[in-house]
Amino acid sequence: RTDAADVAQPAGAAPGGTTGRFVIDGVLGSGGMGVVLSAFDPELDRKVAIKVLHSHRPDAPPRQLLQREAQAMAKLSHPNAVQVYEVGRAGEHLFIAMELVEGTSLRAWLDAAPRGWREVLAMFVAAGHGLVAAHAAGLVHRDFKPENVMVGTDGRPRVSDFGLAEA
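Fair warning: this is a prediction, and the values are worked out from it, not measured in the lab.

## Brief notes about the pattern of salt bridges
Tallied over the full model, the rule gives nine salt bridges. As a salt-bridge pair, Glu86 and Arg21 come within 2.6 Å of each other at their nearest N and O atoms. Placement of Glu86 in strand S5 (residues 84-90) and of Arg21 in the loop between strand S1 (18-19) and strand S2 (22-30) is noted, with a sequence separation of 65 residues between them. Relative accessible area serves as the criterion here: at 23%, Glu86 is assigned to the partly exposed category. For Arg115, the salt bridge is made with Glu119, and the minimal N-O distance between the two is 3.4 Å. Assessed through its relative accessible area of 27%, Arg115 is described here as partly exposed. The exposure class assigned to Glu119 is partly exposed, which follows from its relative accessible area of 37%. In the salt-bridge network here, residues are joined through shared partners; they are Arg21, Asp41, Glu43 and Glu86.

## Observations regarding the side chain of Asn148
The residue Asn148 is located in the loop between helix H3 (117-136) and strand S8 (149-152) in this model. At 2.8 Å, the side chain of Asn148 and the backbone oxygen of Asp143 are in polar contact. Once residues lying within four places of it in the same chain are set aside, the contact partners of Asn148 are His141, Asp143, Arg158, Val159, Ser160 and Asp161.

So, how was this worked out
Residues numbered from 1 in each chain as written. Predicted model: local features only at pLDDT ≥ 70, side-chain atom pairs only at ≥ 80, totals over all residues. Heavy atoms only, no water. Salt bridge = Lys/Arg side-chain N within 4 Å of Asp/Glu carboxyl O. Helix = DSSP H or I, 4+ residues; strand = E, 2+ residues; numbered from the N terminus. Buried < 20%, exposed > 50% of the residue type's maximum accessible area, 1.4 Å probe, protein only. Polar contact = N/O pair within 3.5 Å; in protein donor to acceptor, adjacent residues only side chain to side chain. Contact = heavy atoms within 4.5 Å.

This is the structure:
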């Protein structure tokens, strides 16, 4: 989690603002590709995560490439991969609405308590199933690491952050 004051946000990304049809709750974090917001989808009555991609970076991929990658991610449906719900535009920014995983990163899970090798192996094998599903959908993650896997409060790992994915 990153404090909202530390993150350059696109217009409408403040709590109570909107990005597309989504009502913003707050900032979950940020990275090289964008800002991740927690939000609410009033049409489907569910919480979501919104990744708003930076558009001002000089090395940012063309919008068409980001759009194609997001569309490929939206075709991926697997219990061990974060589900993408929608791709849209908010002003100059492309956003991706996706499953909000309540939990922690696999890195934090590993660091939180001593884990037996069988438990760790089972978690990585499950995450690997998410990667296999991504490959079957024509995606290559290109940045798989414990920080890019979310472990939900249900104990299920989900591969996330396909920001460097190659379709």
